[in-house]
Amino acid sequence: EKALENLIKEKGETACEPWNKGYLLAGDVVQKMDPYFPFDKAVSAWARSFAAMNISYNKSVMNLDLCDREKKYSNGFCHWPVPPYVKPDGTLVSCVTNFTSLAQPGSVGSGHRALTTLMHEGGHAAHFANVVQPSPFHSQERAPMSVAYAETQSMFLDSLVGDSDWIAKYAVSKKGEVMPWEVIEQKIKKTHKYLVFAIRGILAVPYYEKALYELPEDEVTAENIQRIADEIDKKILGGPSARPVLSVPHILADESSCYCQGYILADMAVHQTRSHFLKKYGFITDNKHIGPELAESYWKAGNSEPFLDLVEKLTGLQLMHG
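Let us look at the structure shown here. What you are looking at is a predicted structure, and each value in this text was computed from that prediction instead of being measured. (Residues numbered from 1 in each chain as written. Predicted model: local features only at pLDDT ≥ 70, side-chain atom pairs only at ≥ 80, totals over all residues. Heavy atoms only, no water.)

With that settled, the discussion passes to the pattern of salt bridges. If the charged atoms of two oppositely charged side chains come close together, the side chains can form a pair. According to the stated counting rule, one finds ten salt bridges in the structure shown. A salt bridge links lysine 72 to aspartate 65; the nearest nitrogen and oxygen atoms lie 3.2 Å apart. On the accessibility criterion, lysine 72 (14% relative accessible area) is buried. Measuring nitrogen to oxygen at the nearest pair gives 3.2 Å for the salt bridge that ties glutamate 293 to lysine 280. With a gap of 13 residues between them, glutamate 293 in helix H11 (residues 290-299) and lysine 280 in helix H10 (residues 259-281) connect regions that are remote in the sequence. Of the residues examined, glutamate 293 reaches a relative accessible area of 17% and is grouped as buried. Here the salt bridges share partners, and the residues they tie into one network are Asp65, Arg69 and Lys72. (Salt bridge = Lys/Arg side-chain N within 4 Å of Asp/Glu carboxyl O. Buried < 20%, exposed > 50% of the residue type's maximum accessible area, 1.4 Å probe, protein only. Helix = DSSP H or I, 4+ residues; strand = E, 2+ residues; numbered from the N terminus.)

Where a protein is soluble and globular, its nonpolar side chains tend to be buried together. In terms of nonpolar packing, the biggest core is built from 70 residues, with Phe50 and Met179 touching the most fellow members. Per-element tally for this core: the top contributor is helix H4 (residues 110-129), with eight residues. Ala3, Leu4, Leu7 and Tyr194 belong to the second largest nonpolar core, which has five residues in total. (Core = buried A, V, L, I, M, F, W, Y, C linked by side-chain atoms within 4.5 Å.)

This part covers the sheet that holds strand S1 (residues 61-67). Taken together, three strands build an open sheet; the order of strands is S1-S5-S2 and the sheet is mixed. Edge strands, defined here as strands with exactly one partner in the open sheet, are S1 and strand S2 (77-82). Here the average twist between neighbouring strands, direction ignored, is 15 degrees. Pairing between S2 and strand S5 (residues 96-103): four bridges, direction antiparallel. Bridge assignment links histidine 79 to a residue of S5, and that residue is asparagine 98. Relative to S5, H4 is tilted by about 165 degrees, and along the sheet it contacts S1, S2 and S5. (Pairing = 2+ DSSP bridges. Axes fitted to C-alpha atoms, helices over the stretch in contact; angles between N-to-C directions. Contact = heavy atoms within 4.5 Å.)

Before going further, it helps to examine the side chain of histidine 120. Along the polypeptide, histidine 120 turns up in helix H4. Under the relative-accessibility criterion, histidine 120 is labelled buried at 13%. A polar atom in the side chain of histidine 120 sits 3.3 Å from the side chain of glutamate 151. Apart from residues lying up to four places away in sequence, histidine 120 is in contact with Glu151, Ser154, Met155 and Asp158. (Polar contact = N/O pair within 3.5 Å; in protein donor to acceptor, adjacent residues only side chain to side chain.)

What follows deals with the state of the cysteines. Put plainly, two cysteines are in a disulfide when a covalent bond ties their sulfur atoms together. Following the criterion strictly, the structure yields zero disulfides and no others. Of all cysteine sulfurs in the structure, the one in cysteine 78 sits closest to cysteine 95, which takes part in no disulfide; the separation is 8.4 Å. On the basis of relative accessibility, which here comes to 1%, the residue cysteine 95 falls in the buried class. Cysteine 260 takes part in no disulfide bond, and the closest cysteine sulfur to it belongs to cysteine 258, at a distance of 9.4 Å. (Disulfide = S-S within 2.5 Å.)

Shown next, in the form of structure tokens:
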């Protein structure tokens, strides 16, 4: 509520309208940042950043489908036609990874979105490529693979795109100009106090699913499904959202239902993981220890160990104490 009050105070009563909120929160900053995230340099920035952190893909094959097109699935994702595993003779079967994003080259913010998606889906790919177990059962994306566990890896790595030191090195225009500090500072001041909107946008989905699953069978009607969605948007987000809860694709398929609960746990684990590395090394960007430590503590086990145990293994703390 305080964030909404601040937004109205700064931008006026219409700022909370769903078609205004996104632009008024960061629209002008996005335009200033755009030249420093050219679309055609996104793949290079992702590759160089991961290489500097000593992240290996263990000879895996990756097929990238980055640009949006008509009738393309409306969400980035990553999946594994061939999951990795170790044969009885000790040889590694490297994985085959397909991942996609919805970049629109030429539009404002397309380079930043493409790079963030590459860091995220590339994080998933790095995670699964480094599972070292004697069966592909431990390295496939379906249950019992923990959503929170898998998303911790991708969300940790895409979080770097928001770090000032990462931006200072990798946000470079086609002319070779680095992003001025004034723009980075403006981004922080403009968006940091409103980050709560993003996490509450994710929270709305599990609250909606909970309400639906608790609904008596004879009350499951189109009208009630829509009414509850509107009520959840108002309760969790303070009003109509630019991305209404019913437009979130995860709730429409059985394999991704209840997925957003995992995102919330992953967000907690990401903060704890970042805190661990910052306390231990003082920095994350281009830190050569990051990849090997993630591979040993988080990635190697696959789903053979519980998510909470893996977080504690790396950070030395239970998730609730992060």
